Amino acid sequence: ELKVEQNPLFLSMQEGKNYTIYCNYSTTSDRLYWYRQDPGKSLESLFVLLSNGAVKQEGRLMASLDTKARLSTLHITAAVHDLSATYFCAVDWVQGAQKLVFGQGTRLTINP
Amino acid sequence: NAGVTQTPKFQVLKTGQSMTLQCAQDMNHEYMSWYRQDPGMGLRLIHYSVGAGITDQGEVPNGYNVSRSTTEDFPLRLLSAAPSQTSVYFCASSPAGLGTQYFGPGTRLLVL
């Protein structure tokens, strides 16, 4: 059974600070996805990581994947209030079938 | 393109009633999925489809049926609603292969 665990589950930080969200998964997979969800809204795709060592960056967010460690990170640089949201990682349950298992989500609050 | 659309946006049911949640996409995506989102548990896959006429179970399929007669539509049927099915339901679609999933706006379901 594939399990996906994120930590921390809640994160409150100040603008301008850096922080990292961790996503661990229990079985082999080389496809990992990061999504953002604003309160009461749907999910928005942030990154798709498709191989070991993959790194992608968009603005103040950078995601990486280490398939050997079964670990992905989402790094936030110089946080701004607009990045406040819940962030989910997800892993393919059956490789290539887009059967995703999601982490519990990390609720990020960025204070001025 | 409208993307992924879901109806209704909100529904209240009584225990034992049945209903169908509608999902449609206009991106010609092969893959479609249904998830439910409960507080603190992230999203869980209910059923998914890799093309018209092909469906399969996800993590939590009990109490739900699906069919896929066309590429565009993927309805989710609740056979006999139970309070445990109170949740937010998201439909998603993706192209076959390595693409990310695009999520609909969600349906909030309350079962009394």
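So, here is what we can say about the structure in this document. Only a predicted model underlies this, so the values are computations on that prediction, with no experimental measurement involved. (Residues numbered from 1 in each chain as written. Chains lettered and ligands numbered in written order. Predicted model: local features only at pLDDT ≥ 70, side-chain atom pairs only at ≥ 80, totals over all residues. Heavy atoms only, no water.)

Side note on the overall build of chain B
What chain B contains, in helices and strands, is 0 helices and 11 strands. Secondary structure elements of chain B, listed N to C terminal, follow the sequence β-β-β-β-β-β-β-β-β-β-β. Considered along the principal axes of its C-alpha atoms, chain B spans approximately 40 × 25 × 25 Å. Evaluated residue by residue, chain B yields a buried proportion of 48% over its 112 residues. The long-range share in chain B, meaning contacts at least 24 apart out of those at least 6 apart in sequence, stands at 54%. In the structure as shown, chain B presents an accessible area of about 5,000 Å², 52% of it carried by carbon and sulfur atoms. Treating the 7 positive side-chain charges of chain B as one cloud and the 7 negative ones as another, the clouds have centres 13 Å apart. (Helix = DSSP H or I, 4+ residues; strand = E, 2+ residues; numbered from the N terminus. Buried < 20%, exposed > 50% of the residue type's maximum accessible area, 1.4 Å probe, protein only. Contact = heavy atoms within 4.5 Å. Areas by Shrake-Rupley, 256 points an atom, 1.4 Å probe, with all protein chains shown as cover. Lys, Arg positive; Asp, Glu negative; His and termini not counted. Charge placed at Lys NZ, Arg CZ, Asp CG, Glu CD.)

Notes on a nonpolar patch on the surface
Where nonpolar side chains cluster on the molecular surface, the patch consists of Phe10, Val12, Leu110 and Leu112 of chain B and spans about 360 Å² of accessible area. Relative to the elements of secondary structure, Phe10 of chain B occurs in strand 2 (residues 10-13). (Patch = residues over 30% accessible without salt bridge, like charges linked within 9 Å, V, L, I, M, F, W, Y side chains within 5 Å. Salt bridge = Lys/Arg side-chain N within 4 Å of Asp/Glu carboxyl O.)

A look at the pattern of salt bridges
Using the criterion set out here, one finds 3 salt bridges over all chains in the structure. Several salt bridges converge on common partners, so that one network encompasses Arg36, Asp38 and Arg44 of chain B.

Considering the interface of chain A and chain B
Taken together, the 22 residues of chain A in the interface contact 26 residues of chain B. Taken together, both faces of the contact between chain A and chain B bury some 1,800 Å²; the carbon and sulfur share is 55%. If you sort the residues of chain A by the area they bury against chain B, Gln98, Lys99 and Phe102 of chain A come out on top, with a joint share of 29%. Between the two partners, chain A and chain B, sit 0 salt bridges. In this structure, the connection of chain A to chain B is made through 6 residue pairs in polar contact (both at pLDDT 80 or more). Residue composition of the side of chain A that touches chain B, grouped by class: 11 nonpolar, 8 polar and 3 charged. (Buried area = accessible area lost by both parts, 1.4 Å probe. Polar contact = N/O pair within 3.5 Å; in protein donor to acceptor, adjacent residues only side chain to side chain. Nonpolar A, V, L, I, M, F, W, Y, C, P; charged D, E, K, R; others polar.)

Some remarks on the packing of aromatic side chains
To describe a pair of aromatic rings, one takes the distance between the centres and the angle between the planes. As enumerated under the stated definition, the model contains 8 aromatic pairs over all chains in all. Centre to centre, the rings of Tyr35 of chain A and Phe103 of chain B are 5.4 Å apart; their planes meet at 85°, and the pair counts as edge-to-face. Of this pair, Tyr35 of chain A sits in strand 4 (residues 32-37) while Phe103 of chain B sits in strand 10 (residues 102-103), which puts the two residues in different chains. Since its relative accessible area comes to 0%, Tyr35 of chain A is described here as buried. Pairing Phe102 of chain A with Phe103 of chain B gives two aromatic rings, centres 6.3 Å apart and planes at 75°, and the pair type is edge-to-face. Of this pair, Phe102 of chain A sits in strand 10 (residues 100-102) while Phe103 of chain B sits in strand 10, placing the two residues on different chains. Taking the relative accessible area as the measure of exposure, Phe103 of chain B reaches 11% and is therefore buried. By the ring-pair criterion, three or more aromatic residues cluster together here, those being Tyr35, Phe88 and Phe102 of chain A together with Tyr35, Phe90 and Phe103 of chain B. (Phe/Tyr/Trp six-rings, centres within 6.5 Å; stacked < 30°, edge-to-face > 60°.)

Section: the sheet that holds strand 7 (residues 61-66) of chain A
Residues and elements named next belong to chain A. Strand order in the open sheet made by the 5 strands is 1-3-8-7-6, with antiparallel pairing throughout. Unpaired on one side and paired on the other, strand 1 (4-7) and strand 6 (55-58) mark the two borders of the sheet. If you compare each strand with its neighbour and ignore which way they point, the axes differ by 15° on average. Sheet topology places strand 3 (residues 19-25) next to strand 8 (residues 71-76); 6 bridges connect them, and they run antiparallel. When the sheet's bridge partners are listed, Tyr22 is paired in strand 8 with Thr73. (Pairing = 2+ DSSP bridges. Axes fitted to C-alpha atoms, helices over the stretch in contact; angles between N-to-C directions.)

Function-wise, these values are silent; they only describe arrangement.
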